[in-house]
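What follows is each chain in one-letter form.
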Amino acid sequence: MWICELKPELGGLRDQIYTSFKEAYAAGRMKTGERLPSKRALAARLGVSAITVEGAYAQLISEGYVVARPKRGYFVADVFVGAPFVVGSALSSGLKGRYDQGKSDERVEIDLSSGMADPKTFPFATWARILRETITTRERELMTPSPSKGVAPLRAAIAEHLARFRGMSVDPEQIVVGAGSEYLYGLAFQLLGRDKRYALENPGYPKIGQVYGSLGAELSFVDSDSRGMRVVGLAESGANVAHLSPTNQYPTGAVMPISRRYELLAWASDAAERWIVEDDYDSEFRFSGRPIPTLQSVDALGKVVYMNTFSQSISSTIRIGYAVLPETLLDRFDERLSFYSNTVSTFEQHALAEFVRRGCFERLLNKRRLHYARVRTAIVENLKSSALADRCELFERDSGLHFLLKLHTSTPDAELARRMTDAKIRLTPVANFYRDPERAEPKTYLLRYSNLDPEKARIAFDRIARLL
């Protein structure tokens, strides 16, 4: 049974309720199907507002700990636990899909699928000042080769950021800095083993498979549903390594609930050489509730390699990413891969370290969340008022920087693609992300808005309506 206790040292009232539930759950005091107090009842008992309780419940629902049943209330979800995990304390080979967000085409006037960060929100003056200061104050460091894992100040700054924003307790020695996600995928392949079979999400980001496939990896493509990668399919695939995005599956946007996360960790714990690569791309942009805790933060057995980059949070042209290795792999990295020279210039590493350490990165994230939330709202409103409104459905989630747009038309996909090209519009079909494009929902497209002007989007919606 859950007796909610407020502890001011845990943060705000919503965080106190949220953490009290998770502590009770971790201690085994919660039973599957147990009914929780109503929002008003708990608010009256604690002397807080019902909105505060609603916020805590909403976060627990988004993470899969609680389910809401209409006209019945809130209940403890069925969470499978198959191994000793911890509850976090803080809130190639014949690929058919093709997707290249960096490709430019002079025939395109309006790109509805560009993944670029909006340059107008980047603090160029601050970045330029830090670059100048780095040159003038770090002469000795800039002429010293970087350690294979990256310079110490940057790894320390990343560890501090992960602790604050993602609730991850990470030693800087666990962090490896590299030139973007593709390089880190290759590093993971060498570290985890060339003899392994790698399971990828279907649908999923095609470049991941292209990188692993080009390295000679054996690949399996495991179906994802509304809860992320299906663990039953993963077990049947014979894979040793699962590469997935549990916080924001791409392109569906699915958030993996805690029950399936435990199933996934149980799968990894069943064999010594099973591993999980957690790709946390786009996790910084969540528009309601707290950030979803990472899989790494509930991994007590050292089975998860966590990855993220600064491509979306800062700029795709800053080719800097990082991996967090579990302690179980640190000796293996030192033995097998420490001879590699670091692939990011020492100059950029020291500059980025200062950018993060001074709080500039956090302020940029806050600024962009507000900006993207406004853009998101404006685009939705423009779609509702456009001629396309009655001819489509928009599927959106609370995280990530894209929507799924389904068009209601009998026009064949190939003909639609030709008409959009003639209308100088780029809109990427979701089928491009499937191993077998025929299995994708027809007439469904990926609409990315991080660098999209809402007024241009309105023009594009009216043009598409005429095409139909």
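In the block above lies the structure referred to throughout.
This structure is a prediction, so every number in the text was calculated from the model and none was measured. (Residues numbered from 1 in each chain as written. Predicted model: local features only at pLDDT ≥ 70, side-chain atom pairs only at ≥ 80, totals over all residues. Heavy atoms only, no water.)

Engineer: So, the pattern of salt bridges: which residues are in play, and what are the values?
Structural biologist: Any two side chains of opposite charge can pair, on the condition that their charged atoms come close. Taken as a whole and judged by the stated rule, the model has 31 salt bridges. Glu354 is the salt-bridge partner of Arg138, the closest N and O atoms lying 3.6 Å from each other. Taken together, the positions of Arg138 in the loop between α4 (124-137) and α5 (139-142) and Glu354 in helix α12 (residues 346-357) put the pair 216 residues apart, joining distant regions of the chain. With respect to burial, Arg138 and Glu354 carry one shared label: buried. Close ionic contact of Asp280 with Arg166 constitutes a salt bridge, the shortest N to O distance being 3.1 Å. (Salt bridge = Lys/Arg side-chain N within 4 Å of Asp/Glu carboxyl O. Helix = DSSP H or I, 4+ residues; strand = E, 2+ residues; numbered from the N terminus. Buried < 20%, exposed > 50% of the residue type's maximum accessible area, 1.4 Å probe, protein only.)

Engineer: Hey, could you go over the sheet that holds strand β15 (residues 428-429) for me, with residue numbers and the actual values?
Structural biologist: The strand order β12-β13-β16-β15 describes an open sheet built from four strands, whose pairing is antiparallel. If you trace the sheet from one side to the other, it starts and ends with β12 (392-395) and β15, each paired once. Two elements, β12 and strand β13 (residues 402-407), share four bridges in a ladder whose sense is antiparallel. Bridge pairing links Phe395 to Leu404 in β13. (Pairing = 2+ DSSP bridges.)

Engineer: Please give an account of helix α10 (residues 258-269) that cites residues and values.
Structural biologist: Here α10 is twelve residues long and its end C-alpha atoms lie 16 Å apart, about the 16 Å a rise of 1.5 Å per residue gives. Along α10, ten of the twelve residues are buried, which leaves the element largely enclosed by surrounding structure. (Expected span 1.5 Å × (residues − 1).)

Engineer: Any chance you could break down the packing of aromatic side chains for me, citing the residues and the numbers?
Structural biologist: Geometry of an aromatic ring pair is reported as the spacing of the ring centres plus the angle between the planes. Scanning the entire structure with this criterion turns up 19 aromatic pairs. Taking the centre distance of 5.5 Å and the plane angle of 50° together, the rings of Phe189 and Tyr198 count as tilted. Grouping residues by exposure puts Phe189 and Tyr198 together as buried. Centre to centre, the rings of Tyr205 and Tyr250 are 6.1 Å apart; their planes meet at 90°, and the pair counts as edge-to-face. Pair noted here: Tyr205 is in the loop between β5 (197-202) and α8 (206-214) and Tyr250 is in the loop between β8 (241-244) and α10, with a separation of 45 residues, a long-range link. An aromatic cluster of three or more residues is present, and its members are Trp2, Phe21, Tyr25 and Tyr65. Between the NZ or CZ atom of Arg69 and the centre of the ring of Phe75, over which it lies, the distance is 4.5 Å. (Phe/Tyr/Trp six-rings, centres within 6.5 Å; stacked < 30°, edge-to-face > 60°. Lys NZ or Arg CZ within 6 Å of the ring centre and 35° of its normal.)

Engineer: A description of the sheet that holds strand β9 (residues 275-279) should follow, citing residues and the corresponding values.
Structural biologist: Strand-to-strand pairing in sheets goes through backbone hydrogen bonds, with the strands running parallel or antiparallel. One open sheet holds the eight strands; their spatial order is β4-β11-β10-β9-β8-β5-β6-β7, and the pairing between them is mixed. Two strands in the sheet have a free side with no partner beyond their single neighbour: β4 (175-178) and β7 (228-229). Pairing geometry for β4 and strand β11 (residues 321-324), over four bridges, is antiparallel. Along β11, the bridge assignment pairs Ile175 with Val324. The strands touched by helix α6 (residues 152-166) within the sheet are β4, β10 (304-309) and β11, with β4 carrying the most contacts at an inclination of about 115°. (Contact = heavy atoms within 4.5 Å. Axes fitted to C-alpha atoms, helices over the stretch in contact; angles between N-to-C directions.)

Engineer: Now, about the environment of Val211: what can you tell me, with residues and values included?
Structural biologist: With respect to the secondary-structure elements, Val211 resides in helix α8. Among the residues examined, Val211 registers a relative accessible area of 13% and is labelled buried. The sequence separation of Val211 and Leu337 amounts to 126 residues, and the corresponding C-alpha distance is 18 Å. Setting aside its immediate chain neighbours within four residues, Val211 contacts Glu182, Tyr185 and Gly186.

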